[in-house]
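# Tertiary structure, described
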Amino acid sequence: MSATTTSDLAGALRRSGISDVREDSLTRGMFSTDASIYRVEPQVVVFPRHVEEIEAAVAFSRESGVPITARGAGTSCAGNAIGPGIVIDTSRHLNRVLEVDAESRTALVEPGTIHATLQGRAREVGLRFGPDPSSHSRCTVGGMIGNNACGNRALGYGRTSDNVVGMELLTAGGRHLGAVTSVAGEPPSLTGDEELTAQLHGLTDAHLATMRTEFGTFGRQVSGYALEHTLPENGRDLGRMIVGSEGTLAVVTRARVRLVTDPPATALAVLGFSDIYAAGDVAHRLKGLGAVAAEGIDSRIVDVVRVRRGEWAVPDLPKGGAWLLVEVPGEDGPAAQAAAEGICREIGALDARVVRDPGEARSLWKIREDGAGLSARSQRDRPAHAGWEDAAVPPERLGDYLRVFDQLLEEHDLQGLPYGHFGDGCLHIRIDHSMDTPGATERYRAFVEAAADLVAAHGGSLSGEHGDGRARSALLPRMYSPEAIELFGAVKHAFDPHDLLGPGVLVDPAPVAADIRIPAARRITRAESPLAFLYAEDGGDFSQAVHRCTGVGKCRAAGTSSTVMCPSYQATGEEKDSTRGRARALQEMLNGSTATQGWASPEVHEALDLCLSCKGCASDCPTGVDMATYKAEALHQTYKGRLRPRSHYSLGRLPQLARIAAKAPRLANAMTSLPGLKKLTLPAAGVDPRRSVPTFARETFRAWARREGMVTTIAQAATTEHPVAIFVDSFTDHFSPAVGRQAVTLLRQAGMTPFVPRESACCGLTLISTGQLDAAHDTLQDAARALAPVTAAGIPVVGLEPSCTAALREDLPRLVDSTDARAVAGGVSTLAELLTIAKDEGRWSPPDLTGTEVVAQPHCHHHAVMSWSADERLLAATGATVTRLGGCCGLAGNFGVELGHHDVSVAVAELQLLPAIREASPEAVVLADGFSCQTQIADLSERRGVHLAELLTREG
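Below you will find a few notes about this structure. (Residues numbered from 1 in each chain as written. Predicted model: local features only at pLDDT ≥ 70, side-chain atom pairs only at ≥ 80, totals over all residues. Heavy atoms only, no water.)

Next up on the list: empty space enclosed by the protein. Where empty space is left becomes clear once a probe the size of a water molecule has been rolled over the atoms. Under the counting rule described, the total for this entry stands at 13 cavities of 30 Å³ or more. The calculated volume of the largest cavity comes to roughly 760 Å³. Considering every element that reaches the lining of the largest cavity, the biggest residue donor is helix α5 (residues 141-147), with six residues. Tallied by class, residues from the lining of the largest cavity come to 19 nonpolar, 20 polar and eight charged. (1 Å grid on protein atoms, 1.4 Å probe; cavity = no way out; pocket = protein on both sides within 12 Å on 5 of 7 lines; lining within 4 Å. Points joined across faces, edges and corners; volume = space filled by probe spheres on them. Helix = DSSP H or I, 4+ residues; strand = E, 2+ residues; numbered from the N terminus. Nonpolar A, V, L, I, M, F, W, Y, C, P; charged D, E, K, R; others polar.)

Structure follows, in structure tokens:
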């Protein structure tokens, strides 16, 4: 490779006409890895805005010898989206659906088009793109072409290579190729380089026996180049051979894909088996019975969902320790249901049921789609890694393969959570290799070599859909003959004689144990560093917590009504503003690679700056990344004993300032609301002057409660009927005491006796979000001491402000290692949870809100920590028509108030909240329990957000 420096290389690329070239250390660090275990740092990352910029990058590569790696969403599990030299990311700018032709049932797309975007456009005309990988919400069509992606419904729709009609390609030599495949029934062709075409045909003719016996032996044979398509009897379809070549032969600049019609109806049959082997034994029969999907999961992965998301996240499953999710089509609903029932009868499962509730079906498919993240920790609670991730065998041999594969895992003292496309014979698994211990890479190499031999012995493929990449390319000689390996080299040389595209992949590969990133990470525990949080789920190791991010990239997906993360990425489209980008920056800090100044590394703080601390990732990221916690830790470690940003003193100490303001609320309100004073006081406090400052109440809630005789001892409260202690948070106390008063009314209506404990307590939320964790620890320790007698008496504590309730439920036991802390955390409830208990016990009936339109904005912390399911069920019982929004409101505590964050805060609100408010009828109620959500609504619209307590006590 050329010795050109990074700055020289970036400058030359800009002079060649490429407008978006980045050589900064943060970008290079983020793009040094994908969803694999590997790390290869590029010199620059290019974000082309049009095809001419790709041409310029390829021309520069050809002239300089600097290699190129094409990258889509960076979700590749095998390391095929990383490489040295130049990384070309098409997902940022070249992401348009250029045409949807309903008549020809095709779509023309740019390579960075997100699968879900294409799907949305196709559905407008009643069509869809068939392949649907689990990463469909963020993967790109170009990446799918590179890996020949399949997905859950490959039984019905085939692989990507079965759905690409044509491509526009650019070779390393600068030739523009036009590939037409046989997918649409046209004669296949490759135009633009007659010499290349002739050379490839000559290779085919010279190796017919090898191609006919070693390639295309079963549907999921993805490893290597798909040379079976070049055979004369297959029409010498060079285009279909290029699909799945992992960017090593040419760069895709445009693609025309086939669209299909969804069946009028589908039904889901769930078949239960004693174990996953029994499920594997019968899966091959399902395609012949009309299934379009036959996916396998077992109890190990289902148990992870229950632990992480709660019992409610897993619908009732048939008896058994493993299940097949089988989707069948039909001309209408009853026909699909009948077909599903027929499969239940035909397959001798231990137990079976047909899922009739669409919500239940979505929940089950979500478990399957989140498999790559959910399986990121083994049943021994160790980190589990990709690498040996998606091997496939002929479907009729899957059960036998699973049995001997489990024996191999046991021999190597390894575990993993298996799942996969069982109907196609494809097994996904992440394995808990001890990557951070001496000799790890040697042990890893020994295992994958044995695993490759095992797959080959079963007539299988090392890769069943994700490609070989850096994980399996060096293992191909264990699957293919020497002649086949030589053929791969000859094909590569014909397209790319100087090895400029995707070096280290497929041909002349790097060793499987080279460039593994995990061993480079140093441990950070309380023994090595004074961490504030306990990180008990990660063995006390901050490094292990940060490396939970495996790169699956769900944080890059567009938000839905049930997801929050990652709001800043959705607003900016910048990788650094995704949960994954931030995790990568922290990993680079721990590795000491591109971020070299420890906690104070500028790269870390640039990545964390636009993190809203919404905690959406804590629930929505399938690997359990909690970036809000990591950000708080990073701020704590950086500013410990140092001068902090101004907002840390003003917003971080808000509860203390509010208590002072309560002594003279009129004066405090004047200082923050009068235009002249506001322009001076707010910027001085690190607050954007465009923000309104909430009005301090003339009478706090606690003062009102004292006047009402509600402030009492725990012993006195325990003598009343159904006592409930109200946790008086700073927001309810000082800014919205009316919410507290309405909550008291509602609790009394529900047969409870609310009271306020005499000793006040604070949750430390604002200290946590600004990284003042020593003070937060002391504050929460005091709260635990004050509330422990309440929970010890069996009295529930109800929180009214979701963020404060979440702090007590989750941050308290993570910062304070005590029995009291854990007891208090377990004794805190939301208002909806308490009311649901009262309803279920017959002590209270929800009001009739039939005819009321509710637009609900769940607080991010409520969604992430407590789940909004109790609120949802409660509102359903009222008869109200509820539209639940996903995503963050954009204010997120102190984030949207701070200087420098206002525009992003508004952009986040425009993703879901503000459009929903504008579309709602004038009579609609905007439900928003969070004080920050209410503030954002008031600042950016003419509406007012109401609390659940206010909604359920409203008249009329």
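Turning our eyes to something else, we now look at the side chain of Ser91. Relative to the helices and strands, Ser91 is located in the loop between β4 (86-89) and β5 (97-101). Not counting chain neighbours up to four residues away, the residues in contact with Ser91 comprise Gly72, Gly112, Thr140 and Arg556. (Contact = heavy atoms within 4.5 Å.)

Right, let's talk about the environment of Ala532 for a bit. Mapped onto the secondary structure, Ala532 falls in the loop between α18 (482-495) and α19 (542-546). For Ala532, a relative accessible area of 11% puts it in the buried group. Apart from residues lying up to four places away in sequence, Ala532 is in contact with Arg526, Glu633, His636, Gln637, Leu773, Arg814 and Leu815. (Buried < 20%, exposed > 50% of the residue type's maximum accessible area, 1.4 Å probe, protein only.)

On to the packing of aromatic side chains. Under the criterion given, the structure shown has 15 aromatic pairs. Ring centres of Tyr535 and Phe542 lie 5.5 Å apart, and the angle between their planes is 75°; on these two criteria the pair is classed as edge-to-face. The pair Tyr535 / Phe542 is uniform in exposure class, with both members buried. By the ring-pair criterion, three or more aromatic residues cluster together here, those being Phe533, Tyr535, Phe542, Trp599 and Tyr630. (Phe/Tyr/Trp six-rings, centres within 6.5 Å; stacked < 30°, edge-to-face > 60°.)

The subject of this paragraph is the side chain of Asp620. Position of Asp620 among the secondary structure elements: in helix α23 (residues 616-620). For the buried Asp620, no salt bridge exists, and the shortest N-O distance to an oppositely charged side chain is 6.1 Å, to Lys366. Polar contacts involving the side chain of Asp620 include one to the side chain of His863, which spans 2.8 Å. (Lys, Arg positive; Asp, Glu negative; His and termini not counted. Salt bridge = Lys/Arg side-chain N within 4 Å of Asp/Glu carboxyl O. Polar contact = N/O pair within 3.5 Å; in protein donor to acceptor, adjacent residues only side chain to side chain.)

This next bit is on a nonpolar patch on the surface. Taken together, the side chains of Leu667, Met671, Leu674 and Leu677 define a hydrophobic patch exposed on the protein surface, amounting to about 360 Å² of accessible area. The topology assignment puts Leu677 in helix α28 (residues 675-684). The exposure class assigned to Leu677 is partly exposed, which follows from its relative accessible area of 36%. (Patch = residues over 30% accessible without salt bridge, like charges linked within 9 Å, V, L, I, M, F, W, Y side chains within 5 Å. Areas by Shrake-Rupley, 256 points an atom, 1.4 Å probe, with all protein chains shown as cover.)

Glancing now at the packing of helix α34 (residues 773-792) against helix α36 (residues 819-827). Following both chains from N to C, one finds α34 and α36 inclined at 60°, their axes separated by 9 Å at the closest point. Relative to α36, the element α34 lies oblique. Where α34 crosses over α36, the handedness of that crossing is left-handed. Together, Ala784, Leu787, Ala788 and Thr791 of α34 and Asp820, Ala821, Ala823, Val824 and Gly827 of α36 make up the contact between the two elements. Among the residues forming the contact of α34 with α36, the class breakdown is six nonpolar, two polar and one charged. (Axes fitted to C-alpha atoms, helices over the stretch in contact; angles between N-to-C directions. Parallel < 35°, antiparallel > 145°, perpendicular 65-115°, else oblique. Left-handed = near helix turned anticlockwise from the far one by under 90°.)

What follows covers α18. End to end, α18 covers 20 Å across 14 residues, agreeing with the expected 20 Å (1.5 Å per residue, within 8%). Next to the buried residues of α18 lie β8 (176-180), α7 (194-206), α8 (208-214) and α9 (238-242). (Expected span 1.5 Å × (residues − 1).)

Moving on to the sheet that holds strand β16 (residues 426-428). Within a sheet, each strand pairs with its neighbour through backbone hydrogen bonds, oriented either parallel or antiparallel. Reading across the sheet, the six strands line up as β14-β11-β13-β12-β15-β16 and stay open at both edges, with antiparallel pairing between neighbours. Of all strands in the sheet, those bounded by a partner on one side alone are β14 (351-355) and β16. Mean inter-strand twist for the sheet, computed between neighbouring axes without regard to direction, equals 20°. Packed on one face of the sheet, helix α12 (residues 333-346) meets β11 (265-273), β13 (322-330) and β14 and runs near 20° to β11. (Pairing = 2+ DSSP bridges.)

The values are spatial; any link to function lies outside them.
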